[in-house]
Amino acid sequence: MGRWLALELASTIRHDGDGGVADDLATVAGAARWLHGCADLLSGDLPEGGVVADEALREEIVGVRRAVRALFARAVAPGPPSPADSARPMPFDEALDRLNTAAARAAVTPRLEWPEEGAPAVRVLPAQESPASRLVAALARDAIGFLAGPQRELLRACTAPRCVRYFVKSHGRQEWCKVSCGNRARAARHYRRHRTEAQDGPDGPAPS
């Protein structure tokens, strides 16, 4: 299954395993860990050695994430959004503006490369803005590409109890983002069914 940077960013809001919601970007250290884990997806957008995370950069990444999740919530409509986005999502127009503004933070320049044997090709390189600006722009541009691409039609909010993730469907009947979520959803259905049967009794629902 492929990995998308925009989906990885959205998934930094996740079920914590104890019935609550965890935020992997809640601290600078958490943001640094996440960036390290996504280094392969950012390899063309960062200088050697990566970028040093600080509070200002963390806040910018969180701002892009809020915009991405708000637009993901719109993309999955008329299906339900993630429960984490159902209460106070960023307004749609604000999310669009946030994403487009972030994408414009760093310019790109075309570079012609022509090997001795082979055809010429154009490689698009980031201009020499600050590493932080290049990073924020890369996150936003990936989200723009994701939302404008075919993946958007396959984007869903996981319906498993307590899960707050979005995922891209890999087959037609997929309802959950992970096997563990599917197991939890089936267990919840089983519990509800047996609880209803126990309340109704062997002869069906009690007369009203």
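Chemist: Can you help me understand the pattern of salt bridges in this one?
Modeler: A side chain of one charge can pair with a side chain of the opposite charge when the charged atoms of the two come close. The full count for this structure, using the stated rule, is 9 salt bridges. In this structure, the salt-bridge partner of glutamate 60 is arginine 105, at a minimum N-O distance of 2.2 Å. Pair noted here: glutamate 60 is in helix 3 (residues 55-75) and arginine 105 is in the loop between helix 4 (92-103) and strand 3 (108-113), with a separation of 45 residues, a long-range link. As a salt-bridge pair, arginine 69 and aspartate 85 come within 3.1 Å of each other at their nearest N and O atoms. In this pair, arginine 69 is assigned in helix 3 and aspartate 85 in the loop between helix 3 and helix 4, connecting sequence segments 16 residues apart. Aspartate 85 carries the same exposure label as arginine 69, and that label is buried.

Chemist: Is there a simple way to explain the nonpolar core in this structure?
Modeler: The tendency in soluble globular proteins is for nonpolar side chains to be buried side by side. The biggest cluster of nonpolar side chains holds 41 residues, and the ones touching the most others in it are Trp34, Leu42, Ile61 and Phe72. Each residue touching phenylalanine 72, except ones within four places of it in the same chain, is listed here: Ala6, Leu7, Ala10, Phe146, Leu147, Leu155 and Tyr166. In terms of nonpolar packing, the next biggest core, distinct from the first, is built from 7 residues, Cys163, Phe167, Trp176 and Cys181 among them.

Chemist: What's the story with helix 5 (residues 131-148) in this structure? I'm lost.
Modeler: For helix 5, with 18 residues, the first-to-last C-alpha span of 26 Å sits near the 26 Å given by 1.5 Å per residue. Within the span of helix 5, buried status applies to Ser133, Arg134, Leu135, Val136, Ala137, Ala138, Leu139, Ala140, Ala143, Phe146 and Leu147.

Chemist: Sorry if this is basic, but what is going on with the side chain of serine 11 here?
Modeler: Looking at where serine 11 falls in the secondary structure, it is placed in the loop between helix 1 (5-10) and strand 1 (13-15). Ignoring any residue separated from it by four or fewer positions in sequence, one finds serine 11 in contact with Asp24, Arg165 and Tyr166.

Chemist: What exactly am I supposed to notice about the side chain of serine 133 here?
Modeler: Along the chain, the position of serine 133 falls in helix 5. Of note is the side chain of serine 133, whose polar atom sits 3.0 Å from the side chain of serine 130. Leave out the neighbours within four places in its chain, and serine 133 touches Arg105 and Ala106.

Chemist: Would you take a moment to explain the packing of aromatic side chains for this structure?
Modeler: Here a ring pair, both rings aromatic, is described through the centre-centre distance and the interplanar angle of the planes. Overall, the coordinates contain 3 aromatic pairs when judged by the stated rule. Plain terms: the ring middles of tryptophan 4 and phenylalanine 146 are 6.0 Å apart, the flat faces sit at 80 degrees to each other, and that makes the pair edge-to-face. Taken together, the residues span a long stretch of sequence, with tryptophan 4 in the segment before helix 1 and phenylalanine 146 in helix 5 at a distance of 142 residues. A residue is classified by how much of its surface remains accessible, and tryptophan 4, at 23% relative accessible area, is partly exposed.

Scoring rules and cut-offs
Residues numbered from 1 in each chain as written. Predicted model: local features only at pLDDT ≥ 70, side-chain atom pairs only at ≥ 80, totals over all residues. Heavy atoms only, no water. Salt bridge = Lys/Arg side-chain N within 4 Å of Asp/Glu carboxyl O. Helix = DSSP H or I, 4+ residues; strand = E, 2+ residues; numbered from the N terminus. Buried < 20%, exposed > 50% of the residue type's maximum accessible area, 1.4 Å probe, protein only. Core = buried A, V, L, I, M, F, W, Y, C linked by side-chain atoms within 4.5 Å. Contact = heavy atoms within 4.5 Å. Expected span 1.5 Å × (residues − 1). Polar contact = N/O pair within 3.5 Å; in protein donor to acceptor, adjacent residues only side chain to side chain. Phe/Tyr/Trp six-rings, centres within 6.5 Å; stacked < 30°, edge-to-face > 60°.

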